[in-house]
Each structure stands twice: as structure tokens, then as C-alpha cells.
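# Breakdown of the fold
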Amino acid sequence: MGGADASSGDTIEALLAVDTQAAVEAACQAYARARFPDTELHFAPAQPSQTPAGTLLDRHGEAGRTRLRLALGAGLPLALDVAFPGESPRLDLLTALAQLARLGGLRLGTLAELARLREAVARLEQAERLQRALYAIADQASGDREMGEVMRALHGIVGSLMYAENFYIALHDPARDTLRFAYYVDIADRDPPDSSRDYPLEEMRHSLTWHVIRRGESLMGSMEQLAAQVDGPLAATGPDCVDWLGVPLLHGQQVAGVVVVQSYTEEARYSEQDKALLTYVAQHIQTALERRQAHQELERRVAERTEALREANRVLQQQVLERQRGERLQAALFRIAELAGTTESIEEFYAAVHRVIGGLLYARNFYIALLSDDQSELNFPYSVDEFDASRQPRRIGRGLTEYVLRHGTALLAHTGDIERLCASGELVQSGAQSVYWLGVPLVCEERTVGVLAVQSYSEEHRYSQRDQELLTFVSYHIANALERRRAAESLKQANTELERRVSERTRALALANRDLREQIAERERIERRLKHETLHDSLTGLPNRSLLIQRLERALGRYHEDAARQFAVLFLDLDRFKVINDSVGHLIGDDLLFQAGGRIRACLKSQDVVARLGGDEFAVLLEDIGDAEDACKVSQRIIDELNAPFRLGAKELFTSTSIGIALAAPHYRRPEELLRDADSAMYRAKDEGRQRYALFDERLRREAVSLLEIENDLRRALARGEFEPHFQPIVRLQDAGTVGYEALLRWRHPERGLLLPIDFLAIAEDNGSAEAIDWKVFEQVFAATPALTATGAFVSINLSGRHFRSVDLDRRLLGLMAEHGVVAQRVRIEVTERALLENPARVKRTLETLRSHGIGVALDDFGTGYSSLSYLHQYPMQALKIDRSFVADLPTDGEGGSSAVVRAILAMAGSLGMQTIAEGIEQEGQRAALQRMGCGFGQGFLFGQAQPAAAWLSPQAAV
């Protein structure tokens, strides 16, 4: 037993000492043979079983030997297979074998568990290395290292995971399709790519890197294996490698680059695990690179923003410095101004000025030099200097101070500048030699009275152009303060003298003061009278336009603040005042105006205002009225009051008034607008029959706007030539044959079409453009006359009274006709009776001149005026034109209407040998009636409307 136990212990020790299945099997076999010779023992494959170790699984015999299979236990896929001689095993053999199976199974189970644990540890170590690598990659993305250092660190990180002695990272730019080798390390490549160059990807076509980027998939293996993996040819670049592994760097679905490792030895080959690992790591490298690029871009933007903020801060600091400098300067100026009136003596003032300037610039050495009254001597009332303890007065010489006085400008000089000026003879140096000298003139009332100077004896304290500008600016205020101080000193002396003389003149001043008070009282009375006269009418004593405008402005302001404060403006004009004034004289007229103003004032409330605007025009401001009806009631009251007779001396006169009313409205901004609209309403009242009032309304506003538009259009129409003549034929009533044409004015408006004179002529006469329009049309008429009169017809033009006001009317007409080659006998002018009345002598001379040249004269609209026979005898008339009002009233089937008048006109014209032309013939019955009465010629719509000359010259018109 002892030997058996010893053998069993040796076996246990042997089993514990081995670490492989084969060694366990050998130890078990050695144990079995030592106990039982000729025994064969080995481990045979079996299904994993949970049967306890040592359990007999199978027994069978073969060729004189017996085979036993015992379970090893522990769920091992092995069984103990034992062969020995004989057919029946001994009990001790079975016991020993069962024990051996238990020991072997136990050791094998232990070894399996150890192997599993080692594999788990290896996996954990690999995961830890991978995790550390990912942390390191992430750390590279967030660090502040240079890109080259980051790439080297990434190389080291990949090398810690796999063989990566030969390693490169290439970045792809999809936009330009270029490749840049951001990092490249290869022990065999003697010609590495340039990391700073972007290579067109087409230059590497069919290379391994090109295939990875184009495919977007990893490639791994030898060159032969790689050639089988790619589509198309494979171009070799660089040294031939034994094994190559490249994975893409992906940015979303886009390939952003490639990471490659390669081996030149058989010992270092790459596995699928390396491929998966590098693919996983590559994505983290891409993320790190993207973060690195984003970090660099952020740093770039931060740097740009920092630089911008730095620049803004610099500008702000400069502005703050400028502001502080300005504040110091302003404080200095205030202090200088204050010193002029607060210091007790002039010496204290100089010392205080020195302290103020010392707060602005270096002024340890400072002096003030002043010219004497006779300009021959230089005095130094104040001087502080390190070397020159005192400065005595001196005659004007050629020093630095005199240089500033001589040129009247500031001087900033360095030692070299002073030496050059001395060498040129401009200066003669005296006193201590300064390193920097700055002097500015003291100017009072455009006259240089002295010099303000500071100087430095070392390079440490130097003056700049800015100091010169500052001291120059301050010098003006110092000069003014000096002048005030000197004036104050003079005043003080004068006051002393004055005090002495005050006592002597007290009595005289008392008397003069009494006279002065009387004069002041008189002046105040005159001022009140002048103020009253300025704002009131001298004749009626009523407020004038100026005072009315002031009151209107206040009323308009109150109305815009509170629309309930309604007010109205009345514009009055005395009817027929000119007739009264011309008939009874201006004195009576002035008395009438005075009484009229009093009556108007009596019709108003105390807060209302009545003002005389001039002539016979008055205006009334009605404040705080309810509505338009209140204004109308006041207007009617004024009308009734003025209708009553006026007793003026021994005469009793009658007048009336027309009133225009304008109510306050939000669109009014100026008082003159209210007066204007009230004036327009007053003219409407006059047009409607006078002795009444009219309220300004929207229709009047539109008419005023339309009038303004037409006036503006008239000015533009003259410049654009929009006026043209239309010609209406004058015919023989017997056969309707054309004997002449009357030229009529038309305006071809670009928006309103063809306008007749009734639409615009009155406005043109008011604004003074009517005559210019007529001459524009006359020129066109005479241009068309030769063609229209080629068959013997004539052309007539209308001349109004305004034309005869011109002394050269005849000369101008004849010159215009000659310019266009018009035969005078083919032209006839038409005048109205009113034109003959305006200036009979001049009209007669002009007509006689025109008749002497062959131009015919016709009296237009005969019968509508005075119809005096004296016109027909005094003026050289050829024809009479019967007004259309008589023609329109002619009966077509007998006598009556205006037949008697027309017969009388025809008889009178016939007796005088004049031609008669009837106007406005529109019906055949009118033509027949005129023929029966003996009228030979006529015009009207029956024969043709007025048309342009071209219409009468066309072949159709001729037919």
C-alpha cells in the first residue's frame, strides 16, 4: 500500500506539473504501466458527459485483450481508453483506473478552465489596448499639438494594436479629387511622397490606394490576393510588399481618405481580426481628424474674432484715451476761463495757467513772453526754467520766441532743427540750449501779442505734433483769458478812477437819471405804439395780416391737439368798392372801410378776430364754433349788417359783401392754406351773384387743384409745342364753296386729349401765358397758309385786346408772314368790339398799318357788344361777322326771332360795302334763311368742323 500511495502521489505531482493534454495523457500512461505492465492507455474522443469521473462507460474484448472506457467527468469531450491482457480485470486495476480517470479528468478540467481564463484575459487585454488606443485617438483630436505630432501619435497608437512599422494616412478632397499624404512612414520606400503637395488622384490610377478610395471598401493580402480582389488592373507603386492592409476613412457615405499598413516580411502578416480592428480604428481616426480640423477651424475663427476684438478694443481704448484727453482739455479750458476771473493777481493767474498746462503735457520749463505796446520790446511776465532762473526784458532780436512772433505760427524744434535755423541766420541762440522746444503764438483779435513756450533739456521728454496742436488750441483760450485779465486789470484801474469821479458826478447823474426815466417812459410808449402799428391796420385800427396769422397758428395748433376745438376763417370782400372809391374819392372810401370794419367787429364775439388784409379785403377768425352752420349764421349776420346804408358826411352810400368760409380740417398745416381756401370760396360767392356767402368744399378744392394742374400743364405745353391751329372753312352760302379758313386754337393734351380754348384760355390769360401761346400758333398758321391759300382762299386769325398792347404788333406780324412767304392779301385778322375799346388810338394805328400792307380786317361777334356805328366808320373794316347767337335764333320757316336784327346788320354792311359772314350755321334751314336775307358767306358745323390743315389739304378734302 505504501508503494501504491507513493506512486499515486508521484502521479498527482506529475499531473500538477504538466500543462497540456498530451502531458496529462503521458503521466497517466506512465502511472498505468508502472502498476500494470502491458497496459495501454490513452485519451479517446467522446461526447461531453456529466457522468462522474471513473465511471465505466464501455467494456469489450478484442484478440485476447480487454478494452475499458472510463468517463473523465467535468463534461470533458474525452474518455480514458485502457487495453490490457486478459478478459477479466482485477479489482485493484479497476480501482486504480477509476482513480486515475478521476485524477486525469480533474487535471484536464483544470487545464481547460485555465485555457479559457487565459483566452478571456487575452481578449480583455486586447479590448483594453483598443480602448486605450481610442482614448489616445480622441485625446489627439482635442489637444493643442501640431498636426505632424498628431499623425506620429496616431502611428504609435495603431502600432500598439498590430504590426504597423510601415504606415501612412492619405486624405482625399472629393471636390478637387486630389490626394494628400498627411503622414507617411515606410522603411523600404526611398522616395516618399511630399506631405505638403496635393496629388491628382488620376496620377495614382489603379494603385491600391486609388482602389480603396474608389471602392470605399477595405483591401488586405499579398499582391496576388489583392489583384484578385479589385476590378480592373492593379498598378504597382513603391516597393513590393509581402502583405498589405488598407481601410477607407469614411465621412458619412463619402470616402475622406485611407489608412494603410504593410509588411515586407513573412513573419508579419495581417489577419481578418487586424482588418476589422484597423477598420474600426480608422473610423475613430477619421472622427479625430474631423474634430481636429473643426478644432483648427474653430481656432482660426476664434483667432480672427480675437484679432477683430483686439482691434476693436484698441480702437475703443484709443477713443477712450481721446475722450479722456478731450475731457482733460475741456477741464483745462474751463479752468483757464475760470482763472481769468477768480485769481487775485496777474502773477497768480500765470502760475495757475502753468499748472493747467502741466496737466496736459511736460511743462517743467515754461514761460510766457508778451510784446510791449510799441512792439519793440519783449517782456517775460512769467518764467520757470531749470537753467535760466530769470528772463529779463529784451529788445526784439532773433531768438526762438521772436521767430514765432515773426512768422505768426507755432514752432516745434529739435536740437538739429535749432542748429539748422541758426546756420541759416534765422536764429541767434541765447540762454541754455534745449533739446526740444515748442512755442505757439498768443493771438488776440487776429493780432499776435506774445508767445507761450515749453522746452525740454533731455531726450526723455520730447514733444510731438499732437502736443503742438494741443498747445496751439489752448493758447487761443489763454490769449483770450489774458486779454480778459488785462481788461479786468484795466477795468479795475478804471473803476478806481471812476469811483473818484462818481462822487463828483452824482448830482449830475441824478438829474440825468430823471431825464432818462422820462425818455425811457417815452420810449416804452413809442415801442407799444410801434408794436401796435406793426400788428394792426393804420386805417381801421383792426389787426393786420401778421397778427391774424399768429392767431391762426395758435388756433390751428389747438385744433390739432384737440379736434373738438373747431374754428373757421371768413374771407370778406366789399362789393363795388372800387366804383365807390373812384367816384367819391379815397377819403370817403377810407371812411367806408373804417365803418365797415367796426360793423364786422360788432357781429363777432370778444374772442374772435377781424383783420384787414389790404384794400377792401377783411378776414375773420371764429374760434370755438360748433359746426359749419354757426359760421354761416355769423356770415349772414355780417352780410345783413353791411347791407345797411353808410352815412359818410353828407352822403349816404350802399355796399355789400361776399364771404368765403373755410372750416378747420386735419389736412391744414399752415394758416395761409385756410386763407387761400376761404379766398377761393369768396370768389365763388361773387360768381354766384355777390351779397352772399359760400362754404369751401371738396368741389372747390378739386377745382383749385385742377386749376393748378392746368397752369403747370400750360407751362410744359408751351415748351413741348402741344398747341396747334385747327382751321374751319368759310364758304359761299350759294354753292358752299370755300373762300377762306378761320384759324382756331386747340391744345392737344397728352392725357386729356384735344381741348378747346374754353377749357384753358381764361387760365392762360390769368397766368400771362396766353400771348405766348397765340404767337406759337400764329407761327404754325402762317407756315400752313401758303398751301391753304393756293386756290385764292384767305386765312383769318383772331387778335385780342392784349395783342394791341404791344407797340410792335404790326411789325412782328408782318415779319412772321415774310418769314413763311405769306401773301398779305391772303391774310385777314379778326378783332372784337371789346378789343377796340381798350386802346382805340393804338388799335386804329395798328389796323391802318396792317391794311396798308394788304391785310384784311373783320369785326368779330358783331351785335354782342356796343354795336356802335362809329366803329365801322373809324376803323378800316372789310367784313362783319354775325354772332352765332343771332344765327341760332333764326326761324327756319318764316320771320321772327332774330330775323330783324340780322336784316339790320346785313343792310348796314351792304350800305357800307362790307362783306358779311354768319357764324355758327349748323342746320340747312339756317343757311336758307340767311340766303333769303342776302347774307353771302357763313361758317359752321354744317359746312365742316375745325380740323388740322392736313385734313383740308388731302385729296379727299379737296373733292
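Residues numbered from 1 in each chain as written. Predicted model: local features only at pLDDT ≥ 70, side-chain atom pairs only at ≥ 80, totals over all residues. Heavy atoms only, no water.

With that out of the way, let us pick up the packing of aromatic side chains. Per the counting criterion, the structure on display carries 15 aromatic pairs. An angle of 35 degrees between the planes, with centres 6.5 Å apart, marks the rings of Tyr 163 and Tyr 270 as tilted. Of this pair, Tyr 163 sits in the loop between helix 4 (147-159) and strand 5 (166-173) while Tyr 270 sits in the loop between strand 10 (254-263) and helix 7 (272-342), and the two are 107 residues apart along the sequence. With a relative accessible area of 26%, Tyr 163 lands in the partly exposed category. Between Phe 181 and Tyr 184, the aromatic rings sit 6.1 Å apart at their centres with planes inclined by 85 degrees, giving edge-to-face as the arrangement. (Phe/Tyr/Trp six-rings, centres within 6.5 Å; stacked < 30°, edge-to-face > 60°. Helix = DSSP H or I, 4+ residues; strand = E, 2+ residues; numbered from the N terminus. Buried < 20%, exposed > 50% of the residue type's maximum accessible area, 1.4 Å probe, protein only.)

Turning our attention to the packing of helix 20 (residues 809-819) against helix 22 (residues 840-852). For the pair helix 20 and helix 22, interaxial distance at closest approach is 9 Å and the crossing angle is 30 degrees. As the angle between them shows, helix 20 and helix 22 are arranged roughly parallel. The two elements helix 20 and helix 22 meet at a crossing, and its hand is right-handed. Facing helix 20, whose interface residues are Leu 809, Asp 810, Leu 813 and Leu 814, helix 22 presents Thr 846, Thr 849 and Leu 850. Here the contact of helix 20 with helix 22 is composed, by residue class, of four nonpolar, two polar and one charged. (Axes fitted to C-alpha atoms, helices over the stretch in contact; angles between N-to-C directions. Parallel < 35°, antiparallel > 145°, perpendicular 65-115°, else oblique. Left-handed = near helix turned anticlockwise from the far one by under 90°. Contact = heavy atoms within 4.5 Å. Nonpolar A, V, L, I, M, F, W, Y, C, P; charged D, E, K, R; others polar.)

Quick look at the environment of Cys 422 now. Along the chain, Cys 422 turns up in helix 10 (residues 415-423). Measuring from C-alpha to C-alpha, the distance between Cys 422 and Gly 614 comes to 79 Å, with 192 residues separating the pair along the chain. Here Cys 422 is in contact with Leu 427 and Gln 429, once residues within four sequence places are set aside.

Across the sheet, five strands lie side by side as 18-19-17-22-23; this open sheet has mixed pairing. A strand with exactly one partner marks an edge of an open sheet, and here the two such strands are strand 18 (609-614) and strand 23 (693-695). Direction aside, the axes of adjacent strands within the sheet are offset by 20 degrees on average. Across the sheet, helix 15 (residues 628-643) touches strand 17 (567-575), strand 19 (617-623), strand 22 (656-663) and strand 23, and the angle it forms with strand 22 is around 165 degrees. (Pairing = 2+ DSSP bridges.)

Phe 723, Phe 727 and Phe 782 are the most contacted members of the largest nonpolar core, which has 68 residues in total. Among the elements that take part in this core, helix 19 (residues 770-788) stands out by supplying nine residues, more than any other. Each residue touching Phe 782, except ones within four places of it in the same chain, is listed here: Ile 797, Leu 813, Leu 816, Met 817, His 820, Val 822 and Val 827. Judged by nonpolar contacts, the second largest core, of 32 residues, contains Tyr 350, Ile 357, Cys 444 and Tyr 463. (Core = buried A, V, L, I, M, F, W, Y, C linked by side-chain atoms within 4.5 Å.)

So, on to helix 15. An α-helical turn contains 3.6 residues, so any two residues separated by three or four positions project in the same direction. Counted at 1.5 Å a residue, the expected span for helix 15 with its 16 residues is 22 Å, and the 23 Å between its end C-alpha atoms agrees. Every buried residue belonging to helix 15 is among Ala 631, Cys 632, Val 634, Ser 635, Ile 638, Ile 639 and Leu 642, and all of these are buried. Here the buried residues of helix 15 occupy an arc of 165 degrees about the axis, which is enough to place them on one side. (Expected span 1.5 Å × (residues − 1). Arc of directions from axis to C-beta.)

Function-wise, these values are silent; they only describe arrangement.
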